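Understanding the architecture of this molecule
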Amino acid sequence: MSVASVFPRLEARLPSVQKPIQYVGGELNSVVKDWDCAASSETGGPTVRWALMYPDAYEVGLPNQGVQILYEVLNERDWILAERTYSVWPDMEKVMREGDEHGPIPQFTVDSHRPVGAFDLFGLSFSTELGYTNMLNALDLAGIPLHAVDRGEDDPVVIAGGHAAFNPEPIADFIDAAVLGDGEEVVLAISDIVREWKLEDRPGGREELLRRLAVTGNIYVPRFYDVAYAADGAIEAVVPNRPGIPFRVRKHTLMDLDQWPYPANPLVPLAETVHERFSVEIFRGCTRGCRFCQAGMITRPVRERSIKTIGDMVENGIRKSGFEEVGLLSLSSADHTEIGDIAKGLADRYEGSNVSLSLPSTRVDAFNITLANEFSRNGRRSGLTFAPEGGSERMRKVINKMVSEEDLIRTVAAAYSHGWRQVKLYFMCGLPQETDEDVLAIADLAKRVIATGREVSGRNDIRCTVSIGGFVPKPHTPFQWAPQLDHEATDERLRLLREVVRADKKYARAIGFRYHDGKPGIVEGLLSRGDRRVGGVIEQVWRDGGRFDGWSEHFSYDRWMESAATALADTGVDVDWYTTRERDYDEVLPWEHLDSGLDKDWLWGDWEDALAAADGADIEIEDCRWTPCYDCGVCPEMGTEIQVGPTGQQLLPLSVV
Ligand code: SF4
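Each value, and the rule that gives it
- Residues numbered from 1 in each chain as written.
- Predicted model: local features only at pLDDT ≥ 70, side-chain atom pairs only at ≥ 80, totals over all residues.
- Heavy atoms only, no water.
- Helix = DSSP H or I, 4+ residues; strand = E, 2+ residues; numbered from the N terminus.
- Rg over C-alpha atoms; globule rule 2.2 N^0.38 Å.
- Buried < 20%, exposed > 50% of the residue type's maximum accessible area, 1.4 Å probe, protein only.
- Contact = heavy atoms within 4.5 Å.
- Lys, Arg positive; Asp, Glu negative; His and termini not counted.
- Charge placed at Lys NZ, Arg CZ, Asp CG, Glu CD.
- Domains from an automatic or database assignment.
- Buried area = accessible area lost by both parts, 1.4 Å probe.
- Salt bridge = Lys/Arg side-chain N within 4 Å of Asp/Glu carboxyl O.
- Polar contact = N/O pair within 3.5 Å; in protein donor to acceptor, adjacent residues only side chain to side chain.
- Near = heavy atom within 4 Å.
- Nonpolar A, V, L, I, M, F, W, Y, C, P; charged D, E, K, R; others polar.
- Pairing = 2+ DSSP bridges.
- Right-handed = clockwise from strand over helix to strand, strands pointing away.
- Core = buried A, V, L, I, M, F, W, Y, C linked by side-chain atoms within 4.5 Å.

**Regarding the overall build of the chain**
Within the chain, the regular secondary structure consists of 21 helices and 19 strands. The C-alpha radius of gyration computed for the chain amounts to 25 Å, which stays within 12% of the reference 26 Å derived for 657 residues, consistent with globular compactness. Projected onto its principal axes, the C-alpha positions of the chain cover 75 × 65 × 50 Å. Residues classed as buried in the chain amount to 60% of the 657 residues present. Summarising the internal contacts of the chain: among those between residues at least 6 apart in sequence, 78% fall at separations of at least 24. The chain carries 70 positive and 105 negative side-chain charges, and their two centres are separated by 5 Å.

**Observations regarding the domain arrangement of the chain**
According to the domain assignment, the chain contains domain 1 (6-228) and domain 2 (246-381 + 633-656). Domain 1 puts 38 residues into the contact, and the matching count from domain 2 is 34 residues. Across the domain 1 to domain 2 interface the summed buried area is about 3300 Å²; carbon plus sulfur atoms make up 61%. On the domain 1 side of the contact with domain 2, N29, E72 and D182 bury the most area, a combined 18% of that side's loss. Taken together, domain 1 and domain 2 are joined by three salt bridges. Note that R284 is salt-bridged to E184, the shortest N-O span being 2.8 Å. Where domain 1 touches domain 2, the interface holds 19 residue pairs in polar contact (both at pLDDT 80 or more). In terms of residues, the side of domain 1 that touches domain 2 owes the most to one element, helix 3 (residues 65-75), which gives six residues.

**Here's the deal with the site of the ligand**
Every residue close to the ligand is listed here: T287, C624, C629, Y630, D631, C632, G633, V634, C635, P636 and I642. Its residues assigned to classes, the shell around the ligand comprises eight nonpolar, two polar and one charged.

**Looking at the pattern of salt bridges**
Per the stated rule, a full pass over the model turns up 55 salt bridges. Notably, a salt bridge pairs R547 with E93, separated by 3.1 Å at the nearest N-O pair. You can see R547 sitting in the loop between helix 17 (535-543) and helix 18 (557-567) and its partner E93 sitting in helix 4 (residues 90-98), a full 454 residues away along the chain. The same class applies to R547 and to E93, which are both buried. R223 is the salt-bridge partner of D176, the closest N and O atoms lying 3.1 Å from each other. Of this pair, D176 sits in the loop between strand 4 (157-161) and strand 5 (177-179) while R223 sits in the loop between strand 6 (219-220) and strand 7 (225-229); the two residues are 47 residues apart in sequence, bridging distant segments of the chain. In the salt-bridge network here, residues are joined through shared partners; they are R151, D176, R206, E207, R223 and R242.

**Looking at the pairing of strand 4**
Here strand 4 lies mainly inside the structure; five of its five residues are buried. In terms of strand pairing, strand 3 (residues 121-125) meets strand 4 through five bridges, oriented parallel. Counterpart to S125 in the pairing with strand 4 is G161. As a crossover connection, the stretch from strand 3 through helix 5 (residues 132-142) into strand 4 is right-handed. Of the pairings in the sheet, the one linking strand 4 to strand 5 comprises two bridges and is parallel in character. Looking across to strand 5, one finds that A160 is bridged to A178.

**A short note on the pairing of strand 1 (residues 48-54)**
Strand 1 sits mainly inside the fold: seven of its seven residues count as buried. Neither face of strand 1 is left uncovered, since the one carrying V48, W50, L52 and Y54 and the one carrying R49, A51 and M53 both have all their residues buried. Relative to strand 2 (residues 80-86), strand 1 runs parallel, the two being bridged by seven bridges. The partner of A51 across the bridge, within strand 2, is E83. Bridging between strand 1 and strand 3 involves four bridges; their strand directions are parallel. In the sheet register, L52 faces strand 3, and the bridge partner there is G123.

**Here we look at the nonpolar core**
In this structure, W50, F122, M135, I171, I190, F479 and I538 are the most contacted members of the largest nonpolar core, which totals 127 residues. Looking at which domains feed residues into this core, each of domain 1 (6-228) and domain 2 (246-381 + 633-656) gives three or more. Discounting chain neighbours no more than four positions away, the residues touching M135 are P55, L124, F126, I171, F174 and I175.

**Overview of the side chain of E434**
Considering the arrangement of structural elements, one finds E434 in the loop between strand 16 (422-429) and helix 14 (436-457). A distance of 2.7 Å separates a polar atom in the side chain of E434 from the backbone nitrogen of G430.

Here it is in structure tokens:
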């Protein structure tokens, strides 16, 4: 059996849409396999077929590391076929819905233009909750029923992954399953289960397949859990509704990253994308303990790649892709135990070539400048980014980001005196316990940065860009109980700050100011800490035309609020209840049956420490990489451990590529 490509139906219409190249496929290192690839393979048996989606436009989705890694890991198996699909722009959606004499053109993969609805599994990776409406649009275009309960035997199993899947409750009605944590091993485990079930001639149909996935304890199948609500609107309990289904679903943790050096065949985009570089993840996880940071909390513990694997991956990736820029990624790249040797080794190796290296690090210390100097040997000195996150020392204690003002000034002094002209500082607004004064302290800090830069460099063309994001409390963090600041108060604080910056003529022109209004943060907050009742809001927004909510030109706050008013009308709860309300310890949070490994009492204690810090207490949680374990719960709960160097290995400054 084969499945026809929709490309012949699409081709004639491509000139009528923007950037048609994004729908064509055939990128360097992309993979095209026979629909029945297992039949001609050594393994034999049935083929397991995945459609993988990053639910955003090609230009954002293609560089996504998670999808690229899974695409490669799956396609390495001769019995698995994995293809990619991205969100189509509204002009293409119109073309597809209009269709031709055969009917609408369905959501298709870019590799072979096969209809997504024909695959066994439809896996979506969510880095942000604002991609949920794009998922609904893709399901609808694919002809897959929106609600999991309406799907038939031939519909794909829809699986969510990525950071947002750590609370998939708002999309529980639309997905068949969710996977928490690292995907490399679990997609193979899922493929094995599907293969076995197909080999046995699909006993028990779709329901049995989902049961087999759920009983592993590692794959969450929402339909096997019932949610009961109390009279006040809070959740009373989430319990399995059939025997054998575990009460809690655990996240996956990939150990020994050296064994998984992906992507080894990086995809080279055909159309312009947001990142055009080869990225190597130098470690996974972060235990610095910043209380706002969901990524740090849910990816514990730290697991480093060795300097040798990093060197090999960089060399291989450049050779296979032709990229001239290499990014060394992680949540805090300068914290790799061998980062000094990595930086020097790679800078030596590629000196004089056209390969440039970048380290999107945000650590505030002078060592970072040494690294930045190494990395800029071959390239332009565009700018350095640091993230103090909180404007005042008090705020930085609340969020456990222990950067003193003196640290920051010392660091920027080192940067400006080494010839850097542009420093970018990243902050958040709306953090728990924040006051107007905490936000206005950002202006004082920025002025001191400029004054220091002018002093140490003796120049006047020093720039500092202050970039401010709105804080959104996230599940599985100590701030999961915190009230979110409403968007009016966020906007007012930012207005005050802008006024203060502009009023000082001595510095105003040297300080750039970037921020967004508070409204998208409220929608993100609703989706981040929402429960199954929020699913109705997402569906209503999509039905009213909501798409690409991560793009300011497509986002409509009013559409979200009007949809919420309608969809939540009979629930007794509203948007404020999900966002600006503080929770207490006893409340059952929507994600409590999903186990990130973090101990609830430890998280609560950390939340109380944050409140105490706001009142002046001096409590610092240090990084467990270099201090004793402070029992956050992850390692014993998940059976994992910290994996860090130094390995003592060296990168050889050998041949220039
Ligand atoms: S359990 Fe201990 S060592 Fe493991 S991540 Fe938590 S604090 Fe660190």
